[in-house]
Structure formats: C-alpha cells, structure tokens
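Each chain, letter by letter, is given below.
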Amino acid sequence: MRQLWNSAAVRYLRDCIGMYFDKQVPQTAASLSYFLLLTVFPLLICVNAFLGLLNLDVFQVISYLEGFLPAEGLEVIRNYLDYIAGGQSGALLAAGLILVFTSSSAAFRTLMRALARIYD
C-alpha cells in the first residue's frame, strides 16, 4: 500500500489536489461565476436600450430571420422589437452601464487575484 501511495501517478494526483485547494480554485470559480452573472443582466439592459436607439425597421429584421426561425419565434421577436421601439429610459441605460462596469471590474479583479495566487 505504501508503495502505491508513493508511486509517481499517485504523487502527481496528490500534488494536483493539493494545489487545487491551496490556490482556492473552488472559491475563485464561485466568485468569478457570481460576478459574471451579475454582469450579464445589466449588459442585456444596455443592449435593449441601444436597440431602442437604433430605430430598426421591425419588418426588415423579421424578413432576415424568416429562414432561420419558426413563425412562433418570429412573433416573439417582432413583439419584443415593437416593445423596445416604443419607449426608452435614459435612467435605465445609465444604471445598466454603471452596473456593467462595476460588476465586470469585480470579475476582472477576481480573475487577477486568482492569477496572482497561482503564480505567487
């Protein structure tokens, strides 16, 4: 049993597991996924606001998508584009931009800390 424990493959596996927990990989992964998830929704708010500012021709957009999507999907997209073309809030765009920058900077900071731990 002792010979198996000291074999090269088991030693390598022990070193990998030790490094995994020493460098706090699970905590870093959870933190990074949390901040990236917080970045997605404000980003969608910004995309929504920018789409509203573009004054897209809804029928032209739908005509481009007709070959790819079923009729029910096209109806959902048409309703959504009609909705965002109707009215936009500058405050919502500003809040979305602020949240995108703060949460993405937190995600970047988490990533940089993880790399600093890995490379000491």
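First, a word on what this report is: a plain description of the structure on this page. (Residues numbered from 1 in each chain as written. Predicted model: local features only at pLDDT ≥ 70, side-chain atom pairs only at ≥ 80, totals over all residues. Heavy atoms only, no water.)

## Digging into helix H2 (residues 8–22)
What counts, and what does not: Per the convention used, a helix needs a DSSP run of H or I reaching at least four residues, while a strand needs a run of E reaching at least two, with both numbered from the N terminus. For a helix, the expected span equals 1.5 Å multiplied by the number of residues minus one.
The end-to-end C-alpha distance of H2 is 21 Å, a good match for the 21 Å that 15 residues give at a rise of 1.5 Å each. Positive phi appears at Gln-24, one or two residues downstream of H2, with a value of about 55°.

## A short note on the nonpolar core
Test applied: As used in this record, nonpolar core signifies buried Ala, Val, Leu, Ile, Met, Phe, Trp, Tyr and Cys residues forming a set joined through side-chain atoms within 4.5 Å. Three exposure classes are used, based on accessible area relative to the maximum for each residue type with a 1.4 Å probe and protein chains only: buried under 20%, partly exposed in between, and exposed over 50%. In what follows, residue pairs with any heavy atoms lying within 4.5 Å of each other are defined as contacts.
Core analysis: the largest hydrophobic core is formed by five residues, namely Val-58, Ile-62, Leu-74, Leu-81 and Ile-84. Going through the elements one at a time, helix H4 (58–65) and helix H5 (71–86) are the ones with two or more residues in this core. When residues of this core are assigned to their parent elements, the largest contribution, three residues, is made by H5. Apart from the residues lying within four places of it in its own chain, the contact partners of Leu-81 are Val-58 and Val-61.

## Structural notes on the packing of aromatic side chains
For clarity, the threshold we go by: Put simply, two rings from Phe, Tyr or Trp (the six-membered ring, in Trp's case) pair if the centres are within 6.5 Å, and we call them stacked under 30 degrees between planes, edge-to-face over 60, tilted for the rest.
Under the definition given, this model contains two aromatic pairs. For the pair Tyr-20 and Phe-21, a centre-to-centre distance of 5.0 Å together with 85° between the ring planes defines the contact as edge-to-face. Taking the relative accessible area as the measure of exposure, Tyr-20 reaches 38% and is therefore partly exposed. Residue class for Phe-21 comes out exposed when judged on its relative accessible area of 55%. On the numbers, 5.3 Å between centres and 65° between planes, the contact of Tyr-34 with Phe-35 is edge-to-face.

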